[in-house]
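# Understanding the architecture of this molecule
The chain contents come next:
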Amino acid sequence: MFVYLSKKIAIPNEKQLKALSWNHDQGWIACGGEDGLLKVLKLEQVPANGGKGAPTQSNLSMNQTLEGHNGSCNVITWNENYRKLTTSDEGGLIIVWMLHKNMWFEEMINNRNKSVVRDMKWTADGQKICIAYEDGAVIVGSVEGNRLWGQDLTHE
């Protein structure tokens, strides 16, 4: 089976996108870009006319701009089990967003003030997140926001 998605999304002031992440289980797409741009979109699956086996259409049911980042939003990852979105910008600021009453809000903010985040991934069960920084630091945290482990993995 092949899936084709074609939606044109308005990006303010022609800012460049730097990151994209798709929560395919729930239909959310997050787009991050220059100057703190962060948009969250919701795609609703609508069955096309024709019944069983007919292709479905995707309608855009939400287009929310999230504010909190100042620099380019470069890393985006979803925690599908806990319905959380985690984003980081070029200044190293990490924001965990939560869905409440069909709107996204800041739940937690973290900034090491030392380095830029290069990648972040949640575990399959959504209980832990691993964050890798450009300076070689690696941190594991819990979904509640507690630091569980940290190590400096720099090589000289």
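Further up the page is the structure itself.
Described in the following lines is the structure provided in the data block. (Residues numbered from 1 in each chain as written. Predicted model: local features only at pLDDT ≥ 70, side-chain atom pairs only at ≥ 80, totals over all residues. Heavy atoms only, no water.)

## Here we look at the pairing of strand β2 (residues 28–33)
We count it as follows: Using a 1.4 Å probe on the protein chains alone, a residue whose accessible area is under 20% of its type maximum counts as buried, one over 50% counts as exposed, and one in between counts as partly exposed. Counting from the N terminus, the helices are DSSP H or I runs at least four residues long and the strands are E runs at least two residues long. Strand pairing is assigned whenever DSSP identifies at least 2 bridges connecting the two strands.
Burial within β2 is extensive, with 6 of its 6 residues counted as buried. The two faces of β2 match: Trp28, Ala30 and Gly32 on one face and Ile29, Cys31 and Gly33 on the other face are all buried. Relative to β2, strand β1 (residues 17–23) runs antiparallel, the two being bridged by 6 bridges. Its bridge partner lying in β2, Ala19 is registered against Gly32. The antiparallel hairpin formed by β1 and β2 contains 4 residues in its connecting segment, where Gly27 sits at a positive phi of about 85°.

## What about the nonpolar core?
Formally: We define the nonpolar core as a collection of buried residues of types Ala, Val, Leu, Ile, Met, Phe, Trp, Tyr and Cys that are connected through side-chain atoms lying within 4.5 Å of one another.
In this structure, Val40, Leu66, Ile76, Trp78, Leu85, Trp97 and Trp104 are the most contacted members of the largest nonpolar core, which totals 15 residues. When residues of this core are traced back to their parent elements, those giving at least two are β2, β3 (38–47), β5 (73–79) and β7 (93–100). Of all hydrophobic cores here, the second largest spans 11 residues; its members include Ile94, Val117, Trp122 and Ile129.

## A closer look at the sheet that holds strand β12 (residues 147–152)
What counts is decided by this rule: Lines are fitted to the C-alpha atoms to define the axes, a helix being fitted only along its stretch in contact, and any angle between axes, read from their N-to-C directions, falls within 0 to 180 degrees.
Read across the sheet, 4 strands follow the order β9-β10-β11-β12 without closing on themselves; strand pairing throughout is antiparallel. If you trace the sheet from one side to the other, it starts and ends with β9 (117–122) and β12, each paired once. Direction aside, neighbouring strands of the sheet carry axes that sit 15° apart on average. As paired strands, β9 and strand β10 (residues 128–133) are joined by 5 bridges and run antiparallel to one another. For Met120, the partnering residue across the bridge sits in β10 and is Ile131.

## Focus: the pairing of β5
Across the 7 residues of β5, 6 count as buried, placing the element largely inside the fold. With 6 bridges connecting them, β5 and strand β6 (residues 84–89) associate as antiparallel partners. Among the inter-strand pairings, Ile76 is bridged to a residue of β6, identified as Thr87. Turn length for the β5-β6 hairpin, with the two strands adjacent in sequence and antiparallel, is 4 residues, and the turn residue Arg83 shows positive phi of about 50°.

Take it as geometry only, folks, not as evidence of what the structure does.
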